[in-house]
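# Notes for the structure review
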Amino acid sequence: MIGNKYGNFSKDGREFIITDPRTPRPWFNYMWNDNYAGLISHTGGGFSFLDTPRDNRLTRMRYNCLPWDRPGRYVIVKDADTNKYWSLSWAPTPDRDYKKYECHHGQGYTKIITEINGIRGEITYFVPSDTNAEIWRVNLKNLTNKKRNLEIYSFTELLMGNALNDLINQPNDKHFTEIVFDKKKKALVATRRYWVLNKKVSVAQPNIDWKYKLYFTQTLPITGFDGSLDNFIGRWRSESNPESIETGKMKNTQITAGDPIAALQSKLSLDGKAEKDFAVIMAVAPKEVEEPYEFLNWKSLTNVKVIDEKIKTLNAKWDSYLSNVKVDTPKNKFNLMLNVWNQYQSAVTFDMARNSGYYHGGLLFGTGMRDQFQDIIGTVMAEPDRVRVRLLNALRFQFKDGSTLHNFFKLTDWGERTNHSDTPLWIPFGLIEYLNETADFSILDETVKFYDEGEGTVYEHLKKALDFAISATTERGIPKIMNGDWNDTLDHVGPLGKGETVWGGFFLAYVLRKTFELLEFKKDDETLNRWKTAYDNLGKVINEVAWDGEWYIRAFRDNGEPLGTHAHKQGKIFINAQTWAVISGLAPKDRADKCLASVKKYLAKPNGIQICWPSYTEVEDNVGLISRCVPGKKENGAIFNHASSWFVLASIINGDAEFAFEIYRRMMPLNSSKRIDRYEVEPYVYAEYVTSPDHPTEGQASHSWLTGSAVWMFRIALDYILGFKTSLKGVSIEPNIPSKWKEFKAERKFRGKTLKLTVKNPKGKNSGITKIYINGNEAESTFIDPEKFEGEILEITAIL
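Okay, so let's go over this structure.

## Remarks on the overall build of the protein
Of the regular secondary structure elements, the protein holds 20 helices and 44 strands. The C-alpha radius of gyration of the protein comes to 28 Å, within 12% of the 28 Å expected for a compact globule of 800 residues. Referenced to the eigenvectors of the C-alpha coordinate spread, the extents of the protein come out at roughly 80 × 60 × 55 Å. Taken across its 800 residues, the protein has 63% of its residues classed as buried. Restricting the contact set of the protein to residue pairs at least 6 apart, pairs at least 24 apart contribute 67%. In the form shown here, the protein has an accessible surface area of approximately 29800 Å², with 47% of it arising from carbon and sulfur atoms.

## Things to note about the pattern of salt bridges
Inspection of every chain in the model, using the stated rule, returns 59 salt bridges. In this structure, R554 engages D485 in a salt bridge whose closest nitrogen and oxygen atoms are separated by 2.9 Å. With R554 in the loop between helix 13 (525–545) and strand 28 (555–556) and D485 in the loop between helix 11 (458–471) and strand 27 (500–501), this pair connects stretches of sequence that are 69 residues apart. For the salt bridge of E662 with R666, the shortest nitrogen-to-oxygen distance reads 2.8 Å. Highlighted residues: E662 and R666, both in helix 17 (residues 657–667), separated by 4 residues, approximately one helical turn. The exposure class assigned to R666 is buried, which follows from its relative accessible area of 18%. Each of the salt bridges in this network shares a partner with another, and the network as a whole consists of R60, R62, R70, E157, D166, K174, E239 and D259.

## Topic: the sheet that holds strand 43 (residues 783–784)
Across the sheet, 3 strands lie side by side as 37-38-43; this open sheet has antiparallel pairing. Since the sheet does not close on itself, it has two edges, and those belong to strand 37 (724–726) and strand 43, each with one partner.

## So, helix 1 (residues 163–173)
Regarding helix 1, the residues found buried are A163, L164, N165, D166 and D173. Taken around the axis of helix 1, the buried residues stretch over an arc of 125°, which confines them to a single face. Exposed side chains of helix 1 directed beyond 90 degrees from the buried face belong to I168 and P171. Backbone nitrogen of L164 and a side-chain oxygen of the N-cap are separated by 3.0 Å at the start of helix 1; the cap is N162.

## Details of the sheet that holds strand 40 (residues 753–760)
Pairing in this open sheet of 6 strands is mixed, and the strands run 21-39-40-44-41-42 from one edge to the other. Edge positions in the sheet fall to strand 21 (325–328) and strand 42 (777–778), since each has one partner strand and no second. Bridging between strand 40 and strand 44 (residues 793–799) involves 7 bridges; their strand directions are parallel. Across the sheet, the residue bridging to L755 is L794, located in strand 44.

## Looking at the nonpolar core
Proteins that are soluble and globular tend to have nonpolar side chains buried together. L140, F334, W341, Y552, Y664, W712 and L722 are the most contacted members of the largest nonpolar core, which has 240 residues in total. Ranked by residue count, the leading element in this core is helix 12 (residues 502–522), at 12 residues. Residues in contact with Y664, not counting those within four places in the same chain, are F334, L338, N342, V648, Y686, M713, F714, A717 and I721. Counting residues in hydrophobic clusters, the runner-up holds 12 residues, among them Y74, F155, F232 and I261.

## Observations concerning the packing of aromatic side chains
On inspection of all chains with the given rule, the structure shows 59 aromatic pairs. Look at F16 and Y684: their rings are 5.1 Å apart centre to centre, the planes differ by 35°, and that puts the pair in the tilted class. Separated by 668 residues along the polypeptide, F16 in strand 3 (residues 16–18) and Y684 in the loop between helix 19 (676–679) and strand 35 (687–690) bring together distant segments of the chain. Neither residue differs from the other here; F16 and Y684 are each classed as buried. For the pair F506 and Y552, a centre-to-centre distance of 5.2 Å together with 85° between the ring planes defines the contact as edge-to-face. Note that F506 is positioned in helix 12 and Y552 in the loop between helix 13 and strand 28, a separation of 46 residues in sequence. Judged by relative accessible area, which is 0%, F506 ranks as buried. A cation over a ring is seen here: R390 above F350, with NZ or CZ 4.1 Å from the ring centre. Directly above the aromatic system of F399 lies the positively charged group of R417, at a separation of 3.6 Å from the ring centroid.

About the thresholds
- Residues numbered from 1 in each chain as written.
- Predicted model: local features only at pLDDT ≥ 70, side-chain atom pairs only at ≥ 80, totals over all residues.
- Heavy atoms only, no water.
- Helix = DSSP H or I, 4+ residues; strand = E, 2+ residues; numbered from the N terminus.
- Rg over C-alpha atoms; globule rule 2.2 N^0.38 Å.
- Buried < 20%, exposed > 50% of the residue type's maximum accessible area, 1.4 Å probe, protein only.
- Contact = heavy atoms within 4.5 Å.
- Areas by Shrake-Rupley, 256 points an atom, 1.4 Å probe, with all protein chains shown as cover.
- Salt bridge = Lys/Arg side-chain N within 4 Å of Asp/Glu carboxyl O.
- Pairing = 2+ DSSP bridges.
- Arc of directions from axis to C-beta.
- Polar contact = N/O pair within 3.5 Å; in protein donor to acceptor, adjacent residues only side chain to side chain.
- Core = buried A, V, L, I, M, F, W, Y, C linked by side-chain atoms within 4.5 Å.
- Phe/Tyr/Trp six-rings, centres within 6.5 Å; stacked < 30°, edge-to-face > 60°.
- Lys NZ or Arg CZ within 6 Å of the ring centre and 35° of its normal.

Read these as spatial facts, not as claims about activity.
In structure tokens:
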């Protein structure tokens, strides 16, 4: 079994099963559909929201809370004969003597199993695909031979509206809440009369009605309720010891102001060895709906048998999603990540961006343009239609001159124009990746409005983004860094408009070259020639001014001083300037070898590649926030997984597949989390960074789940290690594997076909196919145009 002291993966890899709830940090999962979403921790914590976690938060999560991870979604069981009570999710009653605890985090659901006081509880949290609701499906079993008289309390603390406003203005914001009990439907109905939908923090009062009602019920007969947090919990108490549970008396409070809670009581008798199924449901409907219960399909939504069918539907969805890639290599951890958890995390990042998370908080970022166009590479093969819609939506936040907002918020369509130099370039990156997967050239003819004025086809949006980036260069032709590039903490390098980003020059060149095949397809010779010239000029000037002898300089400041040079005592070398020199194709082979060797010498660490070295220990105001970060963490010298993944790609491109896979192996969370009490965060998904040896907490990770590392590690493995390299015309089979692999099998779906690849490596090579067979026939080329083959399956055998 693959795992650690706190839990392990199931045999099929589809679940991570936590067996000790006292994990070093809360370990989370996600449950969501197109509109309704929630974070769910291994103890029932997290928060829920509709469409956006800042402006339409449904339930509360207290930041920096002690105890951790409060409040949550709780079902508490009380023995009416002994007055003992306990939670089915361990929290908020962790001091009880649980005989068994298991949390099963799966795709789109979390199931928690407990045994205590002769009662076995199983609670499964999930969001159905067809309704804006979440369901807590419960099974209680009497493990004893005697009859048990139980009281069931289900509750969650509500927010309903703007989470940032709730955080900073709660005393005033709670004057607008309203909760009543619908006696006919046996449900609490909650809403608010005021909705702060400001585009940013402001004292302005928008005077908007919250447009929804929230419905909370359970399928057992209701014997009591409360809508008042204060009345249910009681004075000087917490979720762990609510007064109403201790006394067994609900106050049946309906509120028109105050802190809201949805709390229900039911009573249940279980004969010896008997069991009972029931469910708790929280659903949301627009106020404008005349028949909300019909709108929510209430009868089926509150039917346990129908609920079980919804769980089956959810599982079938993920069976289908994960069927797009199947891997069988000599490395079990590699297989586990690619077959399940890397794909799953990529799906989460696609929908949650860098916004809806335990570490990101859901209050600040919205959806980043950089993230939106980047994250599609992890999802496009499984859900191309959703990706298409998402691309068209995000293009609305581009200006007519080709520049873009840096981020945007749903509901308000507002965002910030921060002048990050790289942001517009992710538009052509994402569009080309979509075309490489789908060959859906019709998207280029779609018309999308610009954020300021006018409209243009998607193809025009793409061209404007690159032309803007080409124009936003200094006199010698290197991109201006402005307020930062991919590394947001280099924010004081070029605020005067004179500073230059060498990495940005490499990235611009990479994106330019990425478009050449499309320009040829479109017969856009004028643009092709112009952009090829721009590409060549970038290579010439960067190699003239940015080579430091053993590696490439990272940037030039407004005053012309270089950043990332051997002459400095801190921040001598930055990883991105070296990796993208190779990825872009601008570095001559001798310099590619030298700069990657320097990375290996100075930046390679036990958990991956350090983002820069040495970390900054003194503030340099004309560099930026990076020098104020603590050394060894975040952008100041951490193992920043996103950047580290690009080293794997660069090494493969430069011909060193062996060391590339070694770094890939170190980075996988199943390996970097070996010291789990130091690592702390979830071991089943990538974290943003792992602390480097430049800090005493070396090996500690943070900001898990929502990181671009997920999609890049997935696609680098699929495209470059296993060798499915897509393009507009088809796919090339070009594996780059460790020499010890004698054989591997992999399959992926591509344009209506299933490509089943077997690679045999009798001579212990890293790459270089000598023979390839397609459906038993030897082929002349490793390139495959799937449209030229009949049938849905292509059997491919390649020999290195």
